[in-house]
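# Structural features, examined
Okay, here's what each chain looks like letter by letter:
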Amino acid sequence: MDTRLILHTFLALLLLLIPAGALYLLERKKLPRFGFVVARMVVQLLVLCLLVWVLIKVDSAWLSVLWLVAMALGGSWLVLKRCEVKGRAMMPAVAISLFIGVFLVGMWLLGVVLPVSAFDARWFVPVMALLMGHSISMLIRGLSTYLSALQEDREQYEFLRGNGLTHFKALQPFMRRALLAVLQPTMANLSVLALTSMPLLLVGLFLGGLTPVNAFALMLFMVIGCVSVSVLVLGLTILLADKLGLSSE
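Residues numbered from 1 in each chain as written. Predicted model: local features only at pLDDT ≥ 70, side-chain atom pairs only at ≥ 80, totals over all residues. Heavy atoms only, no water.

## Quick word on the overall build of the protein chain
For the protein chain, the count of helices and strands is 10 helices and 0 strands. Moving toward the C terminus, one meets the helices and strands of the protein chain in the order α-α-α-α-α-α-α-α-α-α. Taking the contacts inside the protein chain whose residues are at least 6 apart along the sequence as the reference set, 67% of them involve residues at least 24 apart. Counting every atom, the protein chain has about 15500 Å² of accessible surface; 71% of that belongs to carbon and sulfur. (Helix = DSSP H or I, 4+ residues; strand = E, 2+ residues; numbered from the N terminus. Contact = heavy atoms within 4.5 Å. Areas by Shrake-Rupley, 256 points an atom, 1.4 Å probe, with all protein chains shown as cover.)

Structure representation (structure tokens):
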């Protein structure tokens, strides 16, 4: 490893003395937790970089798809944990929905919209990772809202069924709440996207050699893909969970 890189890494880590010093003065009990979180972040970032490097170096379609399956499984575990769902009976429905939704939208973007070699790891990995990350965060919001509403307002469902509505029609009010839980924060974030995360992503694209027009188009495609995949994954999860009879557990 380059000695200068080690030195520069050490100098960068010195900046952590600012938040660490603030915690030491104001909330000393949180200092060990802060150190643990930083150390875990460093390890996770290192593992992620090595994994992505291997995927791009090997450039195997099967390996990339296997990586996406692993991401879907890990994401389903995180979703159920954040939604406080007991047991793991719903994990297959969540994992399948994440994989199918992300894969379909990702392949549409890669193979039709861009278009590039869809299974080229240099494109497949970052596009699928971005879609998967956004899907997981939005699914946590949507599924948690859906399950909570269905549990708290079970009488409304029974009332609608008693008045002759089909099962699907009776579930629509709860599905509407879940949809709004996904789209409302998304719409709110879109209005400030150009001032928050967008500049950082654009800088990365410019450093990668893209022209401003191409960078704009790519960012637009990815934002559209993120919004679409979050709704698709939520819908698939609710439908699969309902088919398996798990959403009311």
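Next comes the rest of the write-up.
## Brief notes about the side chain of Asp120
You can see Asp120 is positioned in the loop between helix H5 (91–113) and helix H6 (121–152). Here the side chain of Asp120 touches Arg122 through a polar contact of 2.9 Å, side chain to side chain. (Polar contact = N/O pair within 3.5 Å; in protein donor to acceptor, adjacent residues only side chain to side chain.)

## Section: the side chain of Ser230
With respect to the element layout, Ser230 can be found in helix H10 (residues 212–243). Those residues in contact with Ser230 that sit more than four places away from it in its chain are His134, Ser135, Met138 and Val182.

## What about the packing of helix H3 (residues 31–58) against H6?
Where H3 meets H6, the axes come as close as 8 Å, and the angle between the chain directions of the two elements is 145 degrees. On the side of H3, the interface is formed by Val52, Leu55 and Ile56, while H6 contributes Ala121, Arg122 and Val125. Class assignment of the residues belonging to the contact of H3 with H6 gives a composition of 5 nonpolar, no polar and 1 charged. (Axes fitted to C-alpha atoms, helices over the stretch in contact; angles between N-to-C directions. Nonpolar A, V, L, I, M, F, W, Y, C, P; charged D, E, K, R; others polar.)

## Considering the confidence of the model for the protein chain
Low pLDDT means the predicted atomic positions in that stretch should not be read closely. Averaged over all residues, the pLDDT of the protein chain equals 86, while 90% of them reach at least 70. For the protein chain, per-element mean pLDDT is lowest for helix H9 (residues 197–207), which scores 65, and highest for H5, which scores 95. (pLDDT = per-residue confidence, 0-100.)

## Digging into the pattern of salt bridges
Inspection of the entire model under this criterion finds 1 salt bridge. Across the salt bridge formed by Arg122 and Asp120, the nearest N and O atoms sit 2.9 Å from each other. Here Asp120 falls in the buried class, since its relative accessible area comes to 12%. (Salt bridge = Lys/Arg side-chain N within 4 Å of Asp/Glu carboxyl O. Buried < 20%, exposed > 50% of the residue type's maximum accessible area, 1.4 Å probe, protein only.)

## A short note on the nonpolar core
One finds Leu131 and Tyr146 to be the most contacted residues of the largest nonpolar core, which totals 52 residues. At the level of secondary structure, the elements contributing two or more residues to this core comprise helix H4 (61–82), H5, H6, helix H7 (154–162), helix H8 (167–190) and H10. When residues in this core are grouped by element, the largest group, 16 residues, is from H6. (Core = buried A, V, L, I, M, F, W, Y, C linked by side-chain atoms within 4.5 Å.)

## So, unusual backbone geometry
With a phi angle near 55 degrees, Asp59 is a residue other than glycine that sits in the positive phi range. Positionally, Asp59 belongs in the loop between H3 and H4. We classify Asp59 as partly exposed; its relative accessible area is 39%. Its identity as a non-glycine residue notwithstanding, Glu84 has a phi of 60 degrees, on the positive side. Here Glu84 lies in the loop between H4 and H5.

## Here we look at the environment of Ser148
With respect to the helices and strands, Ser148 occurs in helix H6. Separated by 30 residues in sequence, Ser148 and Ala178 place their C-alpha atoms 9.7 Å apart.

## Considering the packing of aromatic side chains
By the definition in use, this model includes 3 aromatic pairs. Consider the rings of Phe103 and Phe119, whose centres lie 6.5 Å apart with planes at 40 degrees: the pair is tilted. Remark: Phe119 occurs in the loop between H5 and H6 and Phe103 occurs in helix H5; sequence separation between them is 16 residues. Ring pairing ties together the aromatic residues Phe99, Phe103, Phe119 and Phe124, which thus form one cluster. The ring of Tyr24 carries Arg28 above its face, with NZ or CZ at 4.0 Å from the centroid. (Phe/Tyr/Trp six-rings, centres within 6.5 Å; stacked < 30°, edge-to-face > 60°. Lys NZ or Arg CZ within 6 Å of the ring centre and 35° of its normal.)

## Re the layout of surface pockets
Counted as a void, the largest pocket has a volume near 420 Å³. Every residue along the wall of the largest pocket is listed here: Gln44, Leu45, Leu48, Val52, Trp67, Met71, Val125 and Ala129. Those elements that place two or more of their residues in the lining of the largest pocket are H3, H4 and H6. A per-element tally of the lining of the largest pocket places H3 first, with 4 residues. Class assignment for the residues of the lining of the largest pocket results in 7 nonpolar, 1 polar and no charged. (1 Å grid on protein atoms, 1.4 Å probe; cavity = no way out; pocket = protein on both sides within 12 Å on 5 of 7 lines; lining within 4 Å. Points joined across faces, edges and corners; volume = space filled by probe spheres on them.)

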